[in-house]
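So you can see what is in the structure, the chains are spelled out below.
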Number of protein chains: 2
Amino acid sequence: MRVINFNPGPAGLPLEALTQARDELLDYQGTGMSIMEHSHRGPAYEAVHQEAIALITKLAGVPASHQVLLLPGPAHLHFATVPMNFLHPGKRADYVVTGTWAERAVEEAQLVGQARTVISTRDAEGRYQRVPRREEIAVDPQAAYVHTTSNNTIFGTQFHPIPDFGAVPHICDVSSDFLSRPLDVKALAFAYAGAQKNLGPSGLVVGLGNKAFLASARKDIPKVLRYQTHAEADSLYHTPNTFAVYLMRNVLQWIDRLGGLPAMERRNRAKAEALYGAIDRRPDLFQAPVEKPSRSWMNIVFRLPSQALETEFLKGATAAGMVGLKGHRSVGGVRVSAYNAVSEDDVKALVGYMDEFARKH
Amino acid sequence: MRVINFNPGPAGLPLEALTQARDELLDYQGTGMSIMEHSHRGPAYEAVHQEAIALITKLAGVPASHQVLLLPGPAHLHFATVPMNFLHPGKRADYVVTGTWAERAVEEAQLVGQARTVISTRDAEGRYQRVPRREEIAVDPQAAYVHTTSNNTIFGTQFHPIPDFGAVPHICDVSSDFLSRPLDVKALAFAYAGAQKNLGPSGLVVGLGNKAFLASARKDIPKVLRYQTHAEADSLYHTPNTFAVYLMRNVLQWIDRLGGLPAMERRNRAKAEALYGAIDRRPDLFQAPVEKPSRSWMNIVFRLPSQALETEFLKGATAAGMVGLKGHRSVGGVRVSAYNAVSEDDVKALVGYMDEFARKH
């Protein structure tokens with residue numbers, strides 16, 4: 001029996017996407033082999049590859065100025081390759097630091113070239129309980145680029161909406177909310193997303209690049225690390241993670257059937273409102289540290305008044321078939337990851353459990 | 001119905017490994033979710049991860065001086081990260097160029113630092129029909145490292161055995177024959193293998209590093225690109241390609257059940273001998289360009305006297321349920337990729353077809 005999976009990533013996947021994968025795992029569409037046994041140069045995989053790119057283009061409304069890239073994971077790798085590509089010598093990059101992964105991103109950039117933290121919302125206790133307002137971010141108009149993180153999985157904050165920096169190229173790590181709501185792709189010079197939250201299994205990154213920006217990147221770095229190489233080869237310069245692309249394709253079809261990003265946004269907003277509602281009904285018991293305008297729809301975090309109560313809460317949830325609720329090992333507490341594949345019914349079950357837990361305490 | 005799959009990579013996988021994956025794709029061992037929906041920090045995946053490392057250690061006879069790493073794919077990525085890690089400023093690396101992938105490796109290294117082709121076996125027509133003898137390779141005793149490619153998938157050559165360079169650190173791309181025969185791991189400073197030939201699906205690379213050599217690498221490059229980072233974190237610094245590690249674990253269990261690398265070597269030698277036997281029985285019809293001592297056991301290549309005969313040969317093979325035999329698009333001809341998962345019966349079927357084709361012509 002399947003559990004209700006609130007894992008923070010790798011995360012639960014739509015049952016339809018997985019069932020399809022299971023049913024054709026030994027024989028993909030009568031070809032006599034698994035999709036992962038097909039050559040990445042053969043017609044079966046190439047069709048999957050092109051369909052995945054076409055579906056992302058359609059769902060995210062990628063304009064003709066931009067190109068979809070299917071890249072190796074992890075997203076962490078791109079903390080390094082982003083500055084290697086776009087941080088030209090003599091220039092400086094501005095990083096907006098709103099969480100642990102943004103810290104890692106700026107640290108990697110500083111090993112490549114000149115990069116600074118233009119603003120950090122880290123508080124005295126080392127926590128990130130809000131994202132900055134646009135007017136707080138004093139971006140250098142000469143910056144090579146400004147880097148942001150749209151959603152922060154560990155602390156549970158999210159930009160609503162992603163800020164606009166005008167003429168300064170904006171690079172956004174959209175790993176944990178890509179395809180969970182509409183995105184203004186044309187405002188971004190480059191965006192990248194690890195697949196294992198809303199899109200598919202781990203080991204795959206989706207990139208969205210402004211074509212002129214990609215073409216402007218450094219050419220004195222290894223060819224395989226240049227985004228332009230993958231743009232020119234339609235993401236087939238090397239063997240991609242073919243099974244992950246296939247499974248993501250299944251997930252993208254599922255998103256499309258459900259109504260695309262407007263439907264995902266409705267669904268994810270409703271899930272987040274239900275969860276924050278349960279928290280706010282009992283602020284003495286469920287303490288949400290994040291400032292309200294910065295609350296994430298993807299990762300809803302809260303604490304209980306004592307370690308004993310947290311343990312009891314998590315144990316009861318597991319007994320009720322709900323898993324993955326333990327906060328990140330660096331911060332503790334409870335974290336509800338409610339990515340696309342988590343249904344409104346899944347959230348209803350959790351809200352019911354929270355309300356009942358509250359009645360008892 | 002499953003076909004007989006001679007794909008060059010991504011390649012066929014053992015049916016047992018795939019069937020196991022299919023049977024537990026929606027519910028891994030009663031946990032209520034797929035292995036790819038598990039957190040990489042949870043006990044279910046961690047056990048798979050550790051078992052994969054333990055099985056590689058056992059099967060390849062990895063000594064205590066060395067460590068197994070599970071790294072992001074593609075192997076192509078490592079053409080860049082190998083020199084970034086090990087090509088120290090002021091030093092030069094020596095590359096033994098025996099095929100297309102070795103060319104790519106030295107080209108990437110030259111974008112990072114000083115690297116030279118110490119020997120190339122490319123002939124006047126641009127083909128690689130042999131690997132060099134050890135005495136032909138005049139390695140600089142001061143080289144940062146010497147880089148070789150154990151098996152060349154496109155031209156069908158292989159080192160028998162992999163050469164020894166004494167005190168000069170030896171880095172070997174073992175992508176297309178790792179775990180197909182015993183390997184003297186302790187003679188290598190570093191080795192890396194894309195999984196999609198003998199080990200599993202694409203999107204995963206196995207590394208084998210001498211611990212002291214890993215620790216000696218450059219520290220002024222992004223942290224995620226340093227092999228030492230992954231060594232210290234037991235290959236869990238970032239989210240790995242969890243499904244690929246799981247499927248590789250299934251394949252490793254299968255290799256172990258069959259008798260490990262001595263059994264694989266026996267099996268692969270027998271397959272290669274049967275195929276080269278069929279070729280050599282009719283040298284007028286099946287023209288094997290590779291010099292005999294350099295013949296690959298993994299990729300057996302030959303040409304027929306005309307394009308029309310090649311087309312007829314390939315068409316007949318497909319009709320008989322045998323696929324993946326077309327040579328690489330850069331060289332044409334026929335290529336039989338006979339990795340671990342290809343059985344002796346599969347090869348017997350092909351040899352039968354070749355003999356019959358020969359009788360008819």
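Right above here is the structure, for reference.
Quick look at the structure, then. In this text, all values refer to a predicted model and were calculated from it rather than measured experimentally. (Residues numbered from 1 in each chain as written. Chains lettered and ligands numbered in written order. Predicted model: local features only at pLDDT ≥ 70, side-chain atom pairs only at ≥ 80, totals over all residues. Heavy atoms only, no water.)

### Some thoughts on the side chain of Ser235 of chain A
Line of reasoning, step 1. Position of Ser235 of chain A among the secondary structure elements: in the loop between helix 6 (227–232) and helix 7 (242–258).
Line of reasoning, step 2. Here Ser235 of chain A is in contact with His49, Val68, Leu69, Leu70, His230 and Pro240 of chain A, once residues within four sequence places are set aside. (Helix = DSSP H or I, 4+ residues; strand = E, 2+ residues; numbered from the N terminus. Contact = heavy atoms within 4.5 Å.)

### What about the environment of Phe302 of chain B?
Residues and elements named next belong to chain B.
Line of reasoning, step 1. Structurally, Phe302 can be placed in strand 11 (residues 299–302).
Line of reasoning, step 2. Of the residues examined, Phe302 reaches a relative accessible area of 1% and is grouped as buried.
Line of reasoning, step 3. For the pair formed by Phe302 and Ala217, sequence separation is 85 residues and the distance between their alpha carbons is 41 Å.
Line of reasoning, step 4. The contact partners of Phe302, leaving out residues within four places of it in the chain, are Ile279, Phe286, Gln287, Ala288, Pro289, Phe313, Gly333, Val334, Val336 and Met354. (Buried < 20%, exposed > 50% of the residue type's maximum accessible area, 1.4 Å probe, protein only.)

### Quick word on the packing of helix 8 (residues 260–281) of chain A against helix 10 (residues 344–360) of chain A
Residues and elements named next belong to chain A.
Line of reasoning, step 1. For the pair helix 8 and helix 10, the least separation of the axes is 10 Å and the interaxial angle reads 0°. The angle between the axes of helix 8 and helix 10 places the two elements in the roughly parallel class. Residues Arg267, Ala270, Lys271, Ala274, Leu275, Ala278, Ile279 and Arg281 of helix 8 form the contact with helix 10, whose own contacting residues are Glu344, Val347, Leu350, Val351, Met354 and Asp355.
Line of reasoning, step 2. Here the contact of helix 8 with helix 10 is composed, by residue class, of nine nonpolar, no polar and five charged. (Axes fitted to C-alpha atoms, helices over the stretch in contact; angles between N-to-C directions. Parallel < 35°, antiparallel > 145°, perpendicular 65-115°, else oblique. Nonpolar A, V, L, I, M, F, W, Y, C, P; charged D, E, K, R; others polar.)

### Some thoughts on the sheet that holds strand 2 (residues 66–72) of chain A
Residues and elements named next belong to chain A.
Line of reasoning, step 1. Taking strand neighbours across the sheet as the criterion, the seven strands line up as 2-10-9-8-5-3-4 in an open arrangement whose pairing is mixed. Two strands lie at the open edges of the sheet, namely strand 2 and strand 4 (114–120), each paired on one side alone. Sheet twist, expressed as the average angle between the axes of neighbouring strands with direction ignored, equals 20°.
Line of reasoning, step 2. Summarising the sheet, strand 5 (residues 146–149) and strand 8 (residues 170–173) pair through four bridges and their orientation is parallel. By the bridge assignment for strand 8, Val146 is matched with His170.
Line of reasoning, step 3. The strands touched by helix 3 (residues 75–86) within the sheet are strand 2, strand 3 (92–97), strand 8, strand 9 (190–194) and strand 10 (204–210), with strand 9 carrying the most contacts at an inclination of about 160°.
Line of reasoning, step 4. Against the sheet, helix 7 contacts strand 2 and strand 10, and its axis sits at roughly 75° relative to strand 10. (Pairing = 2+ DSSP bridges.)

### Some details on the relation of the copies chain B and chain A
Line of reasoning, step 1. Laying chain B over chain A is done by rotating through 180° and shifting 0.0 Å along the axis; what remains is an RMSD of 0.0 Å. As the rotation angle and translation indicate, the two copies are arranged about a two-fold axis. When each C-alpha of chain B is compared by its distance to the rotation axis, Arg22 of chain B comes out closest, at 2.7 Å. (Least-squares fit on C-alpha atoms with pLDDT ≥ 70 in both.)

### Re the sheet that holds strand 3 (residues 92–97) of chain B
Sheet strands pair via backbone hydrogen bonds, and the direction of the pair is either parallel or antiparallel.
Residues and elements named next belong to chain B.
Line of reasoning, step 1. Strand order in the open sheet made by the seven strands is 2-10-9-8-5-3-4, with mixed pairing throughout. Of all strands in the sheet, those bounded by a partner on one side alone are strand 2 (66–72) and strand 4 (114–120). Each adjacent strand pair in this sheet contributes to an overall mean axis angle of 20°, direction not counted.
Line of reasoning, step 2. Here strand 9 (residues 190–194) runs beside strand 10 (residues 204–210); their pairing, made up of five bridges, is antiparallel. Bridge pairing in strand 10 places Phe190 opposite Gly209.
Line of reasoning, step 3. Sitting on the sheet, helix 3 (residues 75–86) touches strand 2, strand 3, strand 8 (170–173), strand 9 and strand 10, and the angle it makes with strand 9 is about 160°.
Line of reasoning, step 4. The sheet contacts of helix 4 (residues 100–112) involve strand 3, strand 4 and strand 5 (146–149), and relative to strand 3 the element is tilted by about 165°.

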